Amino acid sequence: MRQHPARFTRRHVLKTGAVALAATTLPSRWAAATPHGDSPRALLPETTLANVMGPDVLEAALHAAITAGATYADVHVIHTRREEWQYFVGLDYPAPWWDTTLGLGVRALVKGYWGFVGLDGVVTPEMAAAAGRTAATQATLAATGKPRIVALAPTPVVTGTWTTPIDIDPFTVSLEEKADVIGALNDDIERLSINFGVGTLLTLIRQDRTFASSEGSVTTQTLYQIGGTVSVTAPRDWRTNLSGHRASDVFTMTGAGWEYVRQASVAVREEAPRLIEDALGSRRPKPVDVGRYDLVFDAKAIANILGTSIGVATEVDRAMGYEANRVGTSYLSDPLAMLGTYTVGSPHLTVTANRSMPGGAATLQWDDEGVVPRETTLVEHGILTDYQTTREAASWLAPYYQQIGTPVVSNGCAGMYGATDFMQQHSPNLVLQPGPHEVSFAELVKQTKKGLAIVGGESFADQQVLNGYGSGEIVYEIVHGKLAGTISGAQFVYRSPEFWKGLVAVGGARSAQTFGQWRSRNGWQGTLQSITAVPVLITGVAVMDMLRQV
Amino acid sequence: MFVAARPVLERAQLLQLGQQILAMTSADTVSVYVTHTARVITRIANNRVKSLDDGDTLRIEIHTQYGGRAEVWTSTNQITEGTLRALVAQCETLARAQIGGEELLHKRQEPDMYVPVALWHETTVAGMTAARDTVVPALIERVRQHGLTAAGFVGLMARSTAVFTKEGITAVGDETDSEVTITAQTPNGTRSGWAGQAARDWATIDYQHVADEAARLALTGKEVQAIEPGRRTAILGPAAVVQLMRYFAQEFDAYGTNMGQTGFSKASGGNKIGQRVFDPRITMRSDPADPEGGYYSFFSQGFGNPAMTWVEQGVLKNLAYSPDYGPTQGKAYAENPLSLRIEGGPSSLPDMIAACAEGIYVNRLADVSLLDKGSGMLSGVTSGGCFLVRHGKIDRPVKNFRILDSPFFLLNKLEALGPTARAPFGYTPPSDVEQYDPRYTWPRRPMIVPSMLVRDCNFSSLADAV
């Protein structure tokens, strides 16, 4: 926590800091395994993870697990580098936080029971073997209970290497350029309006992942995630003492390289006058009138709700009760009875999942079980048609897949954040499919006689994903098809089935926008997914007053 | 991996590591933090072991600062000499490039304030190797005997933590912790009961009792009925109270309070120290040497962690002044109370039910999120046992509610307080403010809270999730 505002600006850094920065060396996980082991060295592009924890380490873990009785085992070595820049006008030069973690995780399946051991840091073949043995031994001990049949859905043996398609590795970009891009962006937005606060958070992630399974798959991937948030805060209004806040729609988390930040910072500059106008205009709101409304959600608001409702409810492990004491269950609780018949929402609702869209924050070539993720339709014209699955989970749905003539394979939603986090479901990229007609947010507003328009914001759901609530960054009243003033305290409250059945209109393809979302299932670090959505009109939603005090 | 007697780095190893890193540095101020955590976690679902999750996590943070420049930190989980050298070099390069930021503060660090705490229990360490094979099957069997389906969590962990600074501060501590929670579901999936226990000493956990409690809550009464939401008297069990108090550490932050951002801020500016803020029966303390709710006797860069009384008989006594902010205000520093003890009262849970003409008994709250720090407004849903109480008896199970209320209101509408217990947290999804802070992942610092009978709790809507 900084309580001493700085007295200098970024420009000083660029003058005084350049020489020092030029000498920057980066911590190297390879140092230990190279001949010059004990000296710091610059990051060499040709160096690979294999130099430190190579095939011998992976092999040792797998061999030990299988020898100790595992019928299946897989192992991951994951090296994550993460850099975060925060810049708030009024504070000082952005101080990046810099983190590097390396580890190994091995998973063993014995008589239908999973064991897992995760080890931090550089792991030798001997340690890896011990971890593999322990995972199998633990699973064997757990398997004394009722026998359990785990059928892993078949997946082809794969070998290969893949890297997120990027132009520029952000970890090769100089610190000066990073400081300059963030600082200049903030300065430019700040210049647009007096007394505005501008905040930027930039996160750069690079993960090198090696995976090997006892079935023979060996993959190496380098995944990049980059982006963050840019937001403006309007000064307090003299009459209401309220400030206004608006976050960028175009600067978000994505699966890309440094080129994204260069492009997006241009787009944010174009968007900034509108953000400022929105934030200024929101400071004299009318208190909400509690009741039922027709709600027009912009793409960001509905992307949020999609992510916390259908995006979570279609996680099959939740649906099958495997997360009942942890993240929760799902109201889509009987997959085999519901698939193909259950009405999730109105016929306008079609939701697809993929881990392949360009720039998607959850995009990769192989998931953490070595599966090439397939694009799937979770909800088609309102009917539940699939869940997010892993290899084990796909087999739970086998009767359904066989009935509809689809191969029983994983959708590729297995994931672990770091090597020492045990495997669970990873949210794929989600797409709320646009409607056939080119309808925009403004046209949806025009169609609405009396209602509210929800712009941005956040939403939450309960442990069964059945009941949710949320609020907008800014909420407007809609009167006779026009945006009237802003509203304060509006909190929409919904029950998922009714809410999505109230979907009467969706925006067209041109109104689609994509947002990166953090998912915090893994605890504090979280994983990322992209959600593409279009503006929607949903009728008859209950709206409460969250500012009502006793 | 836990064949060794000690699953985490020992004091001598930590000291050696600290000295090794400090010797690599040249900055004006340097702090090194090392945390090594070993965990043995078993997750249960559908009456079976769902997953085993064992391992260790090492975290090394290096903070450096040059005079007049901002502090910079870097972190890693790698312990090799080469990596550490490179990390120090990176950190110092960044720190030299900083401008602005804090002046070099010679903060008072008071190693003599470190009080002896006993957070390490060999019984827990022994449990890490032994408990899984006996406890987990027994838990599942116990729930199954009730005709129910068990989901659950059995976690044990050991951790050692150290802080080293260039000025010569050395603070080393170790701790163990454990938690057992069970969700028992009826076969038709219409009802569930949740129970748990948490303790630093694994030997004190009565896991059979946890299973029985969860089952009892799932089976008490017959059909679940929906009743009207609204303001109602509430009997809140410790697992519900602890969720309401989850965000309270932030409320005691002195800087935020003086800036008008918390429930202890005065509308006219400043804070409410000396004013009555809660019912006179409410007393809140934090003490690193608390036998149930203890924690490390140092924090941050090795500052001594004082025992604090925050609220005494309803009157706000103290706020947490950070080591940066305290000296500027002429105040002694303290850490925001991540661990809190709320004094209890004489009414047992059965007493409260017997004294209640009509109300709702809430066993636990789930998915509680903070809506507004200034008023403490929270939203969460009742789960794992929610009952209508009428005429001094549990009348019937009712559908879950969403609660929209604030501890600042509820603690002023107190009817009765029950005995205290270290409340189990269970799984709580980290909120925005928490998700980058490992202190909020399991295990959280212990919270010791009583059950409470409060009137006019705002059950704002039905949330008919099971």
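Residues numbered from 1 in each chain as written. Chains lettered and ligands numbered in written order. Predicted model: local features only at pLDDT ≥ 70, side-chain atom pairs only at ≥ 80, totals over all residues. Heavy atoms only, no water.

**Q** Help me out: how do you make sense of the overall build of chain B in this one?
**A** Across its full length, chain B holds ten helices and 19 strands. Radius of gyration (C-alpha) of chain B: 24 Å, near the 23 Å computed for a compact globule of 466 residues. When the backbone C-alpha atoms are referred to their principal axes, chain B occupies close to 70 × 60 × 35 Å. Counting the 466 residues in chain B, one finds 63% classified as buried. The contacts of chain B with a sequence gap of at least 6 include a subset with a gap of at least 24, amounting to 75%. Of the accessible surface of chain B, which amounts to about 16000 Å², a share of 50% is contributed by carbon and sulfur atoms. Computed over 45 positive and 49 negative side-chain charges, the separation of the two mean positions in chain B equals 4 Å. (Helix = DSSP H or I, 4+ residues; strand = E, 2+ residues; numbered from the N terminus. Rg over C-alpha atoms; globule rule 2.2 N^0.38 Å. Buried < 20%, exposed > 50% of the residue type's maximum accessible area, 1.4 Å probe, protein only. Contact = heavy atoms within 4.5 Å. Areas by Shrake-Rupley, 256 points an atom, 1.4 Å probe, with all protein chains shown as cover. Lys, Arg positive; Asp, Glu negative; His and termini not counted. Charge placed at Lys NZ, Arg CZ, Asp CG, Glu CD.)

**Q** What's the story with the overall build of chain A in this structure? I'm lost.
**A** Secondary structure assignment for chain A yields 13 helices and 25 strands. Within chain A, contacts between residues at least 6 apart in sequence are counted, and of these 74% link residues at least 24 apart.

**Q** Any chance you could explain the packing of helix α4 (residues 175–192) of chain A against helix α5 (residues 258–281) of chain A here in plain terms?
**A** Each pair of packed helices can be described by the angle between their axes along with the distance between the axes. Residues and elements named next belong to chain A. The contact between α4 and α5 brings their axes to 9 Å, and the two run at 10 degrees. As judged from the angle between their axes, α4 and α5 are roughly parallel. Across from E177, K178, V181, A184, L185, D188, I189 and L192 in α4, the residues of α5 making contact are W258, V261, R262, S265, V268, R269, A272, P273 and I276. Per-class residue counts for the contact of α4 with α5 are eleven nonpolar, one polar and five charged. (Axes fitted to C-alpha atoms, helices over the stretch in contact; angles between N-to-C directions. Parallel < 35°, antiparallel > 145°, perpendicular 65-115°, else oblique. Nonpolar A, V, L, I, M, F, W, Y, C, P; charged D, E, K, R; others polar.)

**Q** Looking at this model, I keep getting lost on the confidence of the model for chain B. Mind explaining?
**A** The predicted coordinates should not be examined in detail at positions where pLDDT is low. Residues and elements named next belong to chain B. Residues with a pLDDT of 70 or more make up 94% of chain B, whose mean pLDDT is 90. Mean pLDDT values for the elements of chain B range from 84 in helix α2 (residues 81–97) up to 98 in strand β12 (residues 315–316). The ipTM, which scores confidence in the relative placement of chains, is 0.78 for this predicted complex, and the corresponding pTM is 0.85. (pLDDT = per-residue confidence, 0-100.)

**Q** Could you clarify how one ought to interpret empty space enclosed by the protein in this entry?
**A** To find leftover empty space, a probe the size of one water molecule is rolled over the atoms. Applying the stated criterion across every chain yields a total of twelve cavities of 30 Å³ or more. Of the pockets and cavities examined, the largest cavity occupies roughly 300 Å³. Around the largest cavity, the lining is made up of 20 residues, and of these R107(A), W114(A), E392(A), M423(A) and K50(B) lie nearest the centre. Going through the elements one at a time, β3 (113–120), α10 (391–396) and β14 (424–425) of chain A together with β2 (48–65) of chain B are the ones with two or more residues in the lining of the largest cavity. The class makeup of the residues in the lining of the largest cavity is nine nonpolar, four polar and seven charged. Estimated volume of the second largest cavity: approximately 250 Å³. Residue lining of the second largest cavity: 19 residues in total, with A324(A), Q463(A), T183(B), R364(B) and S383(B) positioned closest to the centre. Of all elements in the fold, only β5 (170–185), β6 (192–199), β14 (358–372) and β15 (377–390) of chain B reach the threshold of two or more residues within the lining of the second largest cavity. With three residues, the single largest contributor to the lining of the second largest cavity is β14(B). (1 Å grid on protein atoms, 1.4 Å probe; cavity = no way out; pocket = protein on both sides within 12 Å on 5 of 7 lines; lining within 4 Å. Points joined across faces, edges and corners; volume = space filled by probe spheres on them.)

**Q** Would you explain the packing of helix α1 (residues 11–24) of chain B against α2(B) in this entry?
**A** Residue and element names in this part refer to chain B. Where α1 meets α2, the axes come as close as 9 Å, and the angle between the chain directions of the two elements is 45 degrees. For the element pair α1 / α2, the angle class is oblique. Here the hand of the crossing between α1 and α2 comes out right-handed. Taken together, the residues of α2 that come into contact with α1 (itself represented by L17, Q20, I21 and M24) are E81, L84, R85 and V88. Residues belonging to the contact of α1 with α2 are distributed by class as follows: five nonpolar, one polar and two charged. (Left-handed = near helix turned anticlockwise from the far one by under 90°.)

**Q** What exactly am I supposed to notice about the sheet that holds strand β15 (residues 429–432) of chain A here?
**A** Backbone-to-backbone hydrogen bonds join strands into a sheet, with any given pair of strands oriented parallel or antiparallel. All names here are of chain A. With mixed pairing, the six strands of this open sheet are ordered in space as β12-β11-β10-β15-β24-β23. Two strands close off the open sheet at either side, each with one partner strand: β12 (383–384) and β23 (513–519). As paired elements, β23 and strand β24 (residues 527–533) share seven bridges and run antiparallel to each other. Bridged to F515 within β24 is I531. The sheet contacts of helix α6 (residues 299–308) involve β10 (351–354), β15, β23 and β24, and relative to β23 the element is tilted by about 40 degrees. (Pairing = 2+ DSSP bridges.)

**Q** Is there a simple way to think about the pairing of β24(A) in this case?
**A** Consecutive side chains of a regular strand alternate in pointing toward one face of the sheet and then the other. All names here are of chain A. Counting buried residues along β24, seven of its seven residues qualify, which places the element largely inside the surrounding structure. Pairing analysis gives two bridges linking β15 to β24, with the strands arranged parallel. If you follow L430 over to β24, its bridge partner there is I531.

**Q** Even after reading the chapter, I still don't get the pattern of salt bridges, so can you show me in this structure?
**A** Where charged atoms of side chains with opposite charge meet at close range, the side chains can pair. For the coordinates displayed, the defined rule picks out 49 salt bridges over all chains. A salt bridge links E175(B) to R159(B), with the nearest nitrogen and oxygen atoms 3.6 Å apart. Here E175(B), found in strand β5, pairs with R159(B), found in strand β4 (residues 149–165); they are 16 residues apart in sequence, far enough to count as distant. The closest approach of N and O atoms between R200(B) and E175(B), which form a salt bridge, is 2.8 Å. Residue R200(B) is located in the loop between β6 and α4 (207–219), and its partner E175(B) is located in strand β5; the two are separated by 25 residues in the primary sequence. Each member of the pair, R200(B) as well as E175(B), is classed as buried. It is possible to trace a salt-bridge network through shared partners that takes in R246(A), D249(A), E271(A), R274(A), D278(A), K300(A) and E473(A). (Salt bridge = Lys/Arg side-chain N within 4 Å of Asp/Glu carboxyl O.)

**Q** Is there a simple way to think about the packing of aromatic side chains in this case?
**A** Residue and element names in this part refer to chain B. Scanning the model with the defined rule gives 29 aromatic pairs over all chains in all. Between F248 and F408, the aromatic rings sit 5.2 Å apart at their centres with planes inclined by 35 degrees, giving tilted as the arrangement. Of this pair, F248 sits in helix α6 (residues 248–251) while F408 sits in helix α10 (residues 407–410), placing them 160 residues apart in sequence. Judged on exposure class, the residue F248 and its partner F408 are both buried. (Phe/Tyr/Trp six-rings, centres within 6.5 Å; stacked < 30°, edge-to-face > 60°.)

**Q** Could you clarify how one ought to interpret the environment of P450(B) in this entry?
**A** Residue and element names in this part refer to chain B. Looking at where P450 falls in the secondary structure, it is placed in strand β19 (residues 447–462). Exposure remark for P450: the relative accessible area of 0% places this residue in the buried category. P450 sits 34 residues away from A416 along the chain, and the two C-alpha atoms are 9.8 Å apart. Excluding residues within four positions of it along the chain, P450 makes contact with P238, V241, I342, E343, G344, L417, G418, P419 and T420.

**Q** Where do I start with unusual backbone geometry in this structure?
**A** For residues besides glycine, phi is generally negative; the peptide bonds are generally trans as well. For N241(A), which is not glycine, the phi torsion reads 65 degrees and is therefore positive. Relative to the helices and strands, N241(A) resides in the loop between β6 (218–234) and β7 (244–247). The phi angle at Q313(B) is positive, at roughly 45 degrees, despite the residue not being glycine. Looking at the element boundaries, Q313(B) is found in the loop between β11 (308–312) and β12.

**Q** How should the pairing of strand β16 (residues 393–397) of chain B be read in this particular structure?
**A** Residues and elements named next belong to chain B. Relative to β16, β15 runs antiparallel, the two sharing four bridges. The residue of β16 that forms the bridge with F387 is P397. Here β15 folds back onto β16 in antiparallel fashion, the turn holding two residues, of which H391 has a positive phi close to 50 degrees.

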